Amino acid sequence: GEITFFELAALDVTAKTAGRNVTLELTNFVIPPDDVPEDVRKSVKHWDQWVDYWAVDWNYRDDTFHNEWQSYRTRKDPGIQKQVSHKYEESGTYTIVVKVIDILGNDTTKALQVEVV
């Protein structure tokens with residue numbers, strides 16, 4: 001059989017620091033349209049509707065992703081939180097990993113480095 005390669009989704013996340021506080025915000029998420037059934041594409045009106053769930057590892061150490069915070073959709077609350085803040089106990093350089101699971105079950109990950117004082 002043939003092997004099919006899919007394009008990767010694009011995730012935009014901004015990180016703003018203020019002292020030891022870091023605020024992350026999802027600003028865009030794009031799925032390659034060829035991988036999405038047409039009826040699903042037509043029903044999505046805003047980029048955040050592609051996101052089913054997202055999670056943050058605030059102190060990633062090049063090993064396993066540790067889900068320390070998450071926002072997900074429910075039937076009662078179909079919206080998704082797009083911004084979250086975290087306060088670090090100590091100054092330093094931290095690697096933050098953001099993981100998004102889209103409505104099709106695909107995983108997209110982005111790592112950011114922040115310096116907190």
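Scroll up a little and you will see the structure.
Residues numbered from 1 in each chain as written. Predicted model: local features only at pLDDT ≥ 70, side-chain atom pairs only at ≥ 80, totals over all residues. Heavy atoms only, no water.

Undergrad: For this particular structure, what's the right way to read unusual backbone geometry?
TA: What you tend to see is this: most non-glycine residues have negative phi, and most peptide bonds are trans. Backbone geometry places Asp62, a non-glycine residue, at a positive phi of 60°. A residue is classified by how much of its surface remains accessible, and Asp62, at 71% relative accessible area, is exposed. (Buried < 20%, exposed > 50% of the residue type's maximum accessible area, 1.4 Å probe, protein only.)

Undergrad: What is the right way to read the nonpolar core from this model?
TA: Looking at soluble globular proteins, one finds that nonpolar side chains tend to be buried together. Formed by 27 residues in total, the largest nonpolar core has its most connected members in Leu24, Trp54, Val56, Trp58, Ile96 and Val98. Residue contacts for Trp54: discarding those within four places in its chain leaves Leu26, Trp69, Gln70, Ser71, Ile80, Gln81, Lys82, Gln83, Val84, Val98, Lys99 and Val100. (Core = buried A, V, L, I, M, F, W, Y, C linked by side-chain atoms within 4.5 Å. Contact = heavy atoms within 4.5 Å.)

Undergrad: So what exactly am I meant to see when it comes to the sheet that holds strand 4 (residues 69-72) here?
TA: The strands that make up a sheet are held in pairs by hydrogen bonds between backbone atoms, and each pair lies either parallel or antiparallel. Overall, antiparallel pairing links the four strands, which are arranged 4-3-6-7 in an open sheet. Because the sheet does not close on itself, it has two edges, and the strands there are strand 4 and strand 7 (107-116). For this sheet the average axis-to-axis angle between neighbouring strands, irrespective of direction, equals 15°. The sheet contact formed by strand 3 (residues 51-57) and strand 6 (residues 92-102) spans six bridges and is antiparallel. The residue of strand 6 that forms the bridge with Tyr53 is Ile101. (Pairing = 2+ DSSP bridges. Helix = DSSP H or I, 4+ residues; strand = E, 2+ residues; numbered from the N terminus. Axes fitted to C-alpha atoms, helices over the stretch in contact; angles between N-to-C directions.)

Undergrad: Before we go on, may I ask you to explain the pairing of strand 2 (residues 21-30) in this structure?
TA: Residues in a regular strand point their side chains to alternate faces of the sheet. In this sheet, strand 2 lies alongside strand 1 (residues 10-18) in antiparallel orientation, the contact comprising nine bridges. For Thr17, the partnering residue across the bridge sits in strand 2 and is Val22. Linking strand 1 back to strand 2 in an antiparallel pair, the connection comprises two residues, with Gly19 at a positive phi of about 65°. The pairing of strand 2 with strand 5 (residues 83-87) spans five bridges and is antiparallel. Bridging across to strand 5, Val22 finds its partner in His86.

Remember, this is a structural readout, not a statement about activity or role.
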